[in-house]
Amino acid sequence: MAKEYNFREIEQKWHRLWTERQTYKIGEDESREKFYVLNMFPYPSGAGLHVGHPLGYIASDIYARFKRQQGFNVLNPMGYDAYGLPAEQYAIQTGQHPEKTTFANIDRYREQLDKIGFSFDWDREVRTCTPDYYRWTQWAFQKMYNSYFDEALQKAQPIEKLVEKFKAEGTWPADEKAQNDLLMNHRIAFLGETMVNWCPKLGTVLANDEVVEGVSVRGGYPVEQKKMRQWCLRVSAYSQRLLDGLDTIDWSESIKETQKNWIGRSEGAEVKICLSSNPSPEGKGEMKKPLPSGGGLEEASFTIFTTRADTMFGVTFFVLAPESELVDKVTTPDQRAAVDEYLKYVKSRTERERMIDHTVTGVFSGAYGINPITGDRCPIYIAEYVLAGYGTGAIMAVPAHDSRDYAFAKHFGLPIVPLVEGADVSEESYDAKEGIVINSPVSEDKSVKYDGESLCLNGLSIKEAIAETKRFVKAHNLGRVKVNYRLRDAIFSRQRYWGEPFPVYYKNGIPTMIPEDCLPIELPQVEKFLPTETGEPPLGNAQIWAWDEVNRKIVDKKLIDEKTVFPIELYTMPGFAGSSAYFLRYMDPKNDKALVGDDVASYWQNVDLYVGGSEHATGHLIYSRFWNKFLFDLGVSKKDEPFQKLVNQGMIQGRSNFVYRIKDTNTFVSLGLKDQYDVTPIHVDVNIVKNDVLDLEAFKAWSPEYATAEFILEDGKYICGWAIEKMSKSMYNVVNPDMIVENYGADTLRLYEMFLGPVEQSKPWDTNGIDGCFRFLKKLWALYWDKDGNLALTDGEPSADSLKTLHKLIKKVTADIEVFSFNTSISAFMVAVNELGQQKCNSRAVLQALPVLISPFAPHIAEELWEAIGGEGSVCDAKWPQYEEKYLVETSVKLGVQFNGKVRFDMLFPADATPEQMIELATSAPEAARHLEGMQIVKTIAIPKRIVNIVVKPN
RNA sequence: GCCCAGAUGGUGGAAUUGGUAGACACGAGGGACUUAAAAUCCCUUGGCCAGUGAUGGCCGUACGGGUUCGAUUCCCGUUCCGGGCACCA
């Protein structure tokens, strides 16, 4: 009896031995080069792992094991993102305390992860909800509170430096409240009264990336705008560095693009527009003199932002955002009623309506502004298509070259002046930034002179015209060059229970940091942790939640006297707080003196390879880059960018199966025959379907409703229909990795997840092909044993074929792992194992290399074989083999010969043939003679080692 | 609307980055072993045409053009699917 591949026994054995021997425990080792592999850690949700979760973990584990075998000291940790909305929502849905569910879920995750055989160093596990971890989240927050962003240095600085600066400038106020307000405008973590995304259903505010199309990402509940006092992080200060950093890291173009869009840098000009003091439409020419400077100007002017400075000559009106403070100032008495009515209308519209419905609305303010370049007097409108939150909340409208301005001008019958040669603006605007400028100015007297110079852009390209206008505006003090970013500050408070408490108390309303050495401030136990629609924070229910300044501890709220005992912040931090610097904590998870020790941080530097989903592009991946840059400014983190290379694993979609019930019966008809009946498709659990064939007995047992089901079969089988859908319980298409491990083993699961296709690509989970991977492992296994179950290796000289197979494999796999092409590596293994089987190879020299090569993919079987052949230690530490070219040399090269691209045949050339010899051989070959008959050779081309082309034409 | 990525057999996907398209796997069909099943092994498998056959020919990488001796690959245009941003001036 040949020895059977008993994966259960093997996998259990090695899980035990790995734990006993601490195979995956690693430390800092200066003698070896470090490599840091990291997965985005999971939210321990209640449903447990499905087959989509391990995809990225398997990919990174393969790479980590590979790097380790290449001699690197590899850090490959895992932990849990346990605070935040998902964990809390699950607790709420199941009516349990989040602490209980979170820890139960973590245990379940751990159990599932352990079955798959990852090389995680579990001694380094972090959980964001444990006090020894979130102590450093609170610590970082306090550092941010005590820092400001120095624009000139482009880095964070201690807030004291800013105080010094204000004092030196003489702008430091005497009043403590004013001092506090002033600093609050500069702190990186600050308390701000801003419009926030308020989600009543979730009972909390949300960050911009947590809201899509006016509804919450989590749950899909409506979100409204509300002015609230909230903690914020000044992420926007880092806009330029976040943008610049993208050029230094190895991320996919699409995710960099997403971040660039999100940061939304636009370079433009701010131009000061004076109000026309002349109420009559005949007020022309009044500004044909340099702008007055100083006194009185502020009241009579506003500033617009534009990226198209070249279009100053085409301005025919100005527009203010309805929320702009200017609206009130400019509105004339006779337009007051109309404006008020319009503002009322705008207010009645939800964010969502405004986003979806783009009909043109607006109202004339009654006021006029003077275009400083042409001196023209243009009406000022108020319209909701201009946003208060971006730029200055005011624009100059150029209908000829902006589609929104165009629509507005058409609607209100305003003039449209084209400025680009050949642009036809009779039907639509010409928005492209290409062309030659005209009408700028139309005539010389339409351009205002400043210090004897007037602007003329005619004949310039648009690009040149933008630059020239910016220069002019700057030179004559009409405005300034300005860069705007779309990226907004992150709202950092949540009116929720399950998050890090803020280490802050309020002393007479002024936020004050709890001393650093008193951290962490632990989350208090409360009975009622549910959020409220009104936004009352659950921490308000905590009784022991006041700060005693003298005794430096948390005390009962009843003791609050506003003298030495003060209320503590009731909000908690959002989910992204804990996930923003966890990669640093893994380096030194047990350090109770620092987030990470300086030596340790210097050794591990940053993450070399980060693997996770692209859905975090505008959330976690922005926040953690920001957070890390801040810590870098502090000197805690050693690299400006936290994640050098990023691989985005694709989503695993569900593949649902359907049965077809004939209407009003309990009879089900197979896929191929369903069109002959009136049927209703019904989702059926994919776990009772194999290769789209329904297990009839299992189906009857699945639900009492189907116990008496009858079937119309085709070829004796019931074939199910299928569709690709989201993997979800309600579609009955969730595949649990435990079942795969149970039936095929972890090694097969690992192989199959990788074999499914490129890691980066989204694809449906389709168990149909899993047998192929299982068969491969059985064949690999069979190479090592003879009929009696004894090791079949011999020490004889391996055959040239076997050596070639082996070295081809080493070459291919080494190259493929390096570029994350795991599906093609596995294909190469399958080819190699088939070849070795056919060669009846039992040479030790060849077969001892295979366990090493396969171990990143299938570590359990690799360990077992490695042990069986007497390998030393764990296969994890076995040296990755090198291939040798000499075994790969072809004795002859098979080449295609083409005649005029139409006729071709294969022939063998000697490997060392020169191009000339190849041509000679090709043209004199008997096969060639047939094709060359009656033909004239026009041209011969020899591509070294590849192909000979002979171009012919009829004689 | 703007930006990014993509489209290859019945299916998942390969293709040394311009050089024999369809590796590998699944599924399907045929065969061997077996009382039978499972397991295992072997053969066929992009389409069409001709031939008893070995084989030969034509078409074929979403569609239409182009560059090239040669294009799945490069260029231009079109269609479709996915992702991001979106009254961002």
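Thresholds, definitions, all that
Residues numbered from 1 in each chain as written. Chains lettered and ligands numbered in written order. Predicted model: local features only at pLDDT ≥ 70, side-chain atom pairs only at ≥ 80, totals over all residues. Heavy atoms only, no water. Helix = DSSP H or I, 4+ residues; strand = E, 2+ residues; numbered from the N terminus. Buried < 20%, exposed > 50% of the residue type's maximum accessible area, 1.4 Å probe, protein only. Contact = heavy atoms within 4.5 Å. Areas by Shrake-Rupley, 256 points an atom, 1.4 Å probe, with all protein chains shown as cover. Lys, Arg positive; Asp, Glu negative; His and termini not counted. Charge placed at Lys NZ, Arg CZ, Asp CG, Glu CD. Salt bridge = Lys/Arg side-chain N within 4 Å of Asp/Glu carboxyl O. Core = buried A, V, L, I, M, F, W, Y, C linked by side-chain atoms within 4.5 Å. Pairing = 2+ DSSP bridges. Axes fitted to C-alpha atoms, helices over the stretch in contact; angles between N-to-C directions. Expected span 1.5 Å × (residues − 1). Nonpolar A, V, L, I, M, F, W, Y, C, P; charged D, E, K, R; others polar. Phe/Tyr/Trp six-rings, centres within 6.5 Å; stacked < 30°, edge-to-face > 60°. Lys NZ or Arg CZ within 6 Å of the ring centre and 35° of its normal. Patch = residues over 30% accessible without salt bridge, like charges linked within 9 Å, V, L, I, M, F, W, Y side chains within 5 Å. Polar contact = N/O pair within 3.5 Å; in protein donor to acceptor, adjacent residues only side chain to side chain. Parallel < 35°, antiparallel > 145°, perpendicular 65-115°, else oblique. Left-handed = near helix turned anticlockwise from the far one by under 90°. pLDDT = per-residue confidence, 0-100. Disulfide = S-S within 2.5 Å.

Novice: Lay out the overall build of chain A with the relevant residues and their values.
Specialist: For chain A, the helix and strand inventory stands at 29 helices and 38 strands. Counting all 955 residues of chain A, 53% fall into the buried class. A sequence separation of at least 24 residues applies to 72% of the contacts in chain A between residues at least 6 apart. Summing over all exposed atoms, chain A offers an accessible surface of approximately 43,200 Å²; the carbon and sulfur share of this is 51%. The positive charge centre, built from 109 side chains, and the negative charge centre, built from 133, are 1 Å apart in chain A.

Novice: How would you summarise the pattern of salt bridges if you had to cite specific residues and measurements?
Specialist: A full pass over the atoms with the stated rule returns 48 salt bridges. A salt bridge links E742 to R8, with the nearest nitrogen and oxygen atoms 3.5 Å apart. Residue E742 is found in helix α20 (residues 737-744), and its partner R8 is found in helix α1 (residues 7-21); the two are separated by 734 residues along the sequence. Overall, the relative accessible area of 41% leaves R8 in the partly exposed class.

Novice: A description of the nonpolar core should follow, citing residues and the corresponding values.
Specialist: If you look at the biggest cluster of nonpolar residues, it comprises 189 residues, and the most contacted ones within it are W231, L233, F492, L780, Y784, L850 and F857. Setting aside chain neighbours within four positions, we find Y784 in contact with N790, L791, A792, L793, L847, L850, P851, L865 and I869. Membership of the second largest hydrophobic core comes to 50 residues, among which are A269, F318, Y381 and V437.

Novice: If you had to explain the sheet that holds strand β9 (residues 224-233) to someone new, which residues and values would you point to?
Specialist: Reading across the sheet, the four strands line up as β6-β5-β9-β19 and stay open at both edges, with antiparallel pairing between neighbours. Each edge of the open sheet carries a strand with a single partner, namely β6 (204-206) and β19 (490-491). Here strand β5 (residues 189-199) pairs with β9 via 10 bridges, running antiparallel. The partner of G192 across the bridge, within β9, is Q230.

Novice: Residue-level account of the side chain of N105, with values.
Specialist: By the element assignment, N105 lies in helix α4 (residues 98-116). Residue contacts for N105: discarding those within four places in its chain leaves P44, S45, G46 and Y90.

Novice: Residue-level account of the sheet that holds strand β24 (residues 565-567), with values.
Specialist: Spatially, three strands are ordered β23-β22-β24 in an open sheet, and the strand pairing comes out antiparallel. If you trace the sheet from one side to the other, it starts and ends with β23 (553-555) and β24, each paired once. The mean inter-strand angle of the sheet, taken between neighbouring strand axes irrespective of direction, is 35 degrees.

Novice: With reference to specific residues and values, describe helix α5 (residues 131-145).
Specialist: Helix length check: α5 (15 residues) gives 20 Å between terminal C-alpha atoms against 21 Å at 1.5 Å per residue, within 8%. Restricting attention to buried positions, one finds in α5 the residues Y133, Y134, W136, T137, Q138, W139, A140, F141, Q142, M144 and Y145.

Novice: Please provide a residue-by-residue account of the environment of G721, values included.
Specialist: As for its placement among the helices and strands, G721 is situated in strand β33 (residues 721-725). What makes G721 buried here is its relative accessible area of 2%. Sequence separation between G721 and S656 is 65 residues, and the spatial gap between their C-alpha atoms is 8.2 Å. Excluding anything up to four places from it in sequence, G721 contacts S656, N657, F658, Y660 and L671.

Novice: Describe in detail the packing of α1 against α20, supporting the description with residues and values.
Specialist: Between α1 and α20, whose axes approach to 8 Å, the crossing angle comes to 115 degrees. Packed against α1, whose contacting residues are F7, R8 and E11, the element α20 presents V741, E742, N743 and Y744 at the interface. Tallied by class, residues from the contact of α1 with α20 come to three nonpolar, one polar and three charged.

Novice: So what's going on with the packing of aromatic side chains? Residues and values would help.
Specialist: Summed over the entire model, instances satisfying the criterion amount to 69 aromatic pairs. For the pair Y450 and F472, a centre-to-centre distance of 6.0 Å together with 70 degrees between the ring planes defines the contact as edge-to-face. Pair noted here: Y450 is in strand β16 (residues 449-450) and F472 is in helix α14 (residues 462-475), with a separation of 22 residues, a long-range link. Grouped by ring-pair contacts, the aromatic residues F35, Y63, F66, F72, F776, F820, F822, F829, F857 and W880 constitute a single cluster. Across from the ring centre of W785, 4.5 Å away, lies the NZ or CZ of K3, which sits over that ring. Across the ring face of W262, the terminal group of R486 is positioned such that the distance to the ring centre comes to 5.0 Å.

Novice: Describe unusual backbone geometry, naming the residues involved and giving the relevant values.
Specialist: The step from S440 to P441 runs through a cis peptide bond, and the omega angle for that step is 0 degrees. With respect to the helices and strands, the residue P441 is situated in the loop between α13 (403-412) and β16. Along the chain, L519 connects to P520 via a cis peptide bond; the corresponding omega equals -5 degrees. At Q605, a residue that is not glycine, the phi angle is positive and equals roughly 60 degrees. Q605 sits in the partly exposed class, given a relative accessible area of 22%.

Novice: Give me the lowdown on a negative patch on the surface, citing residues and values where you can.
Specialist: On the surface, D424, E427, E428 and D431 cluster together into a patch of negative charge. Relative to the elements of secondary structure, E427 occurs in the loop between α13 and β16. Residue class for E427 comes out exposed when judged on its relative accessible area of 68%.

Novice: A description of the side chain of T469 should follow, citing residues and the corresponding values.
Specialist: Of note, T469 is situated in helix α14. Within the structure, T469 has its side chain in polar contact with the backbone oxygen of A465 (distance 2.7 Å).

Novice: Now, about the packing of helix α21 (residues 746-755) against helix α22 (residues 770-782): what can you tell me, with residues and values included?
Specialist: Direction vectors running N to C along α21 and α22 enclose 125 degrees, while the axes themselves pass 9 Å from each other. Between α21 and α22, the angle is such that the two are oblique. Crossing geometry of α21 relative to α22 is assigned as right-handed. Residue-level contacts link D747, T748, L751, Y752 and F755 of α21 to I770, C773, F774, F776 and L777 of α22.

Novice: Just give me the short version of helix α23 (residues 800-818), but keep the residues and values in it.
Specialist: Residues spaced three or four apart along an α-helix point in a common direction, a consequence of the helix completing one turn every 3.6 residues. With 19 residues, α23 ought to run about 27 Å at 1.5 Å a step, and its terminal C-alpha atoms sit 27 Å apart, in line with that. Of the positions making up α23, those classed as buried are S802, L803, T805, L806, H807, L809, I810, V813, T814, D816 and I817. Contacts made by the buried residues of α23 are with α2 (54-69), α24 (822-838), α25 (844-847) and α26 (850-854). Phi turns positive, to about 65 degrees, at F820, one or two residues after α23.

Novice: Lay out the environment of Y342 in plain terms, naming residues and giving numbers.
Specialist: Within the secondary structure layout, Y342 lies in helix α11 (residues 336-348). As for Y342 and A388, which are separated by 46 residues in sequence, their C-alpha atoms are 16 Å apart. Only 2.7 Å separates the side chain of Y342 from the side chain of T361, close enough to count as a polar contact.

Novice: Before we move on, could you go through the environment of R404 and cite the residues and values that matter?
Specialist: Counting through the fold element by element, R404 comes out in helix α13. Residue classification places R404 among the exposed positions, given a relative accessible area of 52%. With 13 residues separating them in the primary sequence, R404 and G391 have C-alpha atoms 16 Å apart. One polar contact links R404 to D402, side chain to side chain, over a distance of 2.6 Å.

Novice: Kindly report on the confidence of the model for chain A, identifying the contributing residues and their values.
Specialist: Per-residue confidence for chain A gives a mean pLDDT of 88, with 91% of residues at or over 70. With pLDDT under 50 throughout, residues 280-298 is counted as low confidence; its partners more than four residues away or in other chains account for 28 contacts. Here the complex is predicted with pTM 0.91, and the ipTM for its interfaces comes to 0.94.

Novice: I'd like a description of the state of the cysteines, backed by residues and values.
Specialist: This structure, assessed with the given rule, holds zero disulfides. The cysteine C456 is free of any disulfide, with C378 supplying the nearest cysteine sulfur at 19 Å. According to the relative accessible area criterion, C456 is partly exposed, its value standing at 45%.

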